[in-house]
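Observations on the three-dimensional arrangement
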Amino acid sequence: MTADKYLIEALGKHHGRSVFQCGTEELDRYLHQQAGQEERRNVAMPFVLTKPPVPDVIGYYTLSALGVDHEAWPLEIAKKLPRYPQMPVTLLGRLAVDSGHRGEGHGKRLLTDALYRSWQASRQIGSMAVVVEAIDQRARGFYEAFDFVAFPDQELRLYLPMATIAKAFTG
Ligand SMILES: CC(C)(COP(=O)(O)OP(=O)(O)OC[C@H]1O[C@@H](n2cnc3c(N)ncnc32)[C@H](O)[C@@H]1OP(=O)(O)O)[C@@H](O)C(=O)NCCC(=O)NCCS
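Here's a quick rundown of the structure. Owing to the predicted nature of the structure, the values given are computational and were not obtained by experimental measurement.

Reading the values: rules and limits
- Residues numbered from 1 in each chain as written.
- Predicted model: local features only at pLDDT ≥ 70, side-chain atom pairs only at ≥ 80, totals over all residues.
- Heavy atoms only, no water.
- Helix = DSSP H or I, 4+ residues; strand = E, 2+ residues; numbered from the N terminus.
- Polar contact = N/O pair within 3.5 Å; in protein donor to acceptor, adjacent residues only side chain to side chain.
- Contact = heavy atoms within 4.5 Å.
- Salt bridge = Lys/Arg side-chain N within 4 Å of Asp/Glu carboxyl O.
- Buried < 20%, exposed > 50% of the residue type's maximum accessible area, 1.4 Å probe, protein only.
- Expected span 1.5 Å × (residues − 1).

The next thing to look at is the side chain of arginine 140. Looking at the element boundaries, arginine 140 is found in helix 4 (residues 137-144). A distance of 2.7 Å separates the side chain of arginine 140 from the side chain of glutamate 144, its partner in a polar contact. For arginine 140, the contacting residues outside a window of four places in its chain are Ala134, Ala150, Glu155, Leu156 and Leu158.

Written out as structure tokens, the structure reads:
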């Protein structure tokens, strides 16, 4: 996706990762050391935002497949689900923006791209929601601003139904 001359694409060898710092050590270390490995092992697919021709990563997110236990869903959703032990979702495992670029709309840009990509993929491989693991309460606030809802008794794990995402992109 290109917008305002920014580019979001799959993480590649040419991207500058070492300078990335978002203030959360775990998310920095993940991009510096783990993201490439997880991509090669098909565990998580990392996507990065840059402003070409500069290859340095301004922000990133990861997507993976996940199953969520039937019992984890709120009752009003659970009662409409088939009785499978787990329901398929898309996990937005990590999302972060470099500290020097906060408040410039990159978080929203990355999240929108992740939701669009997840929705597109769900038209070929079933997925009933996008689920996020917020790293702390501030991150939870960020996701709630985009209508994510926390699972009952799991305040840092939130979901947005794929039907809601589809509606947002189809109008
Ligand atoms: C959370 C994070 C990704 C936001 O990135 P950002 O580029 O500063 O966010 P944006 O500029 O795109 O802001 C988008 C909107 O979200 C809002 N927002 C940002 N952080 C928010 C928060 N903690 N709570 C509520 N709203 C928030 C902004 O006000 C903005 O609203 P607007 O569109 O009405 O103006 C960034 O602060 C970050 O990387 N934090 C550290 C890592 C992290 O917490 N990751 C998320 C969970 S793993």
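Having put the structure on the table, let's press on.
On to the pattern of salt bridges, then. In total, this model carries 4 salt bridges according to the counting rule given. Notably, a salt bridge pairs arginine 29 with glutamate 25, separated by 3.5 Å at the nearest N-O pair. Of this pair, arginine 29 and glutamate 25 both sit in helix 1 (residues 25-40), separated by 4 residues, roughly a single helical turn. You can call glutamate 25 exposed: its relative accessible area is 55%.

As a further point, take unusual backbone geometry. Proline 53 follows proline 52 through a cis peptide bond whose omega is 10 degrees. Positionally, proline 53 belongs in the loop between strand 3 (45-51) and strand 4 (54-69). Residue asparagine 42 is not a glycine yet carries a positive backbone phi of 60 degrees.

Let's shift gears to the environment of valine 149. Looking at the secondary structure, you find valine 149 in strand 7 (residues 149-151). With a relative accessible area of 39%, valine 149 lands in the partly exposed category. When the C-alpha positions of valine 149 and lysine 5 are compared, they lie 32 Å apart, and in sequence the two are 144 residues distant. Excluding residues within four positions of it along the chain, valine 149 makes contact with Arg157, Leu158 and Tyr159.

Within the element layout of this structure, tyrosine 116 appears in helix 3 (residues 106-122). The spacing of tyrosine 116 and isoleucine 165 is 49 residues in sequence and 7.7 Å in space, taken between C-alpha atoms.

This brings us to helix 1. With 16 residues, helix 1 ought to run about 22 Å at 1.5 Å a step, and its terminal C-alpha atoms sit 23 Å apart, in line with that. What helix 1 keeps buried is the set Leu27, Asp28, Tyr30, Leu31, Ala35, Gly36 and Glu38. Buried positions along helix 1 lie against strand 3, strand 4 and strand 5 (86-97). Looking one or two places after helix 1, you find asparagine 42, whose phi comes out positive at around 60 degrees.

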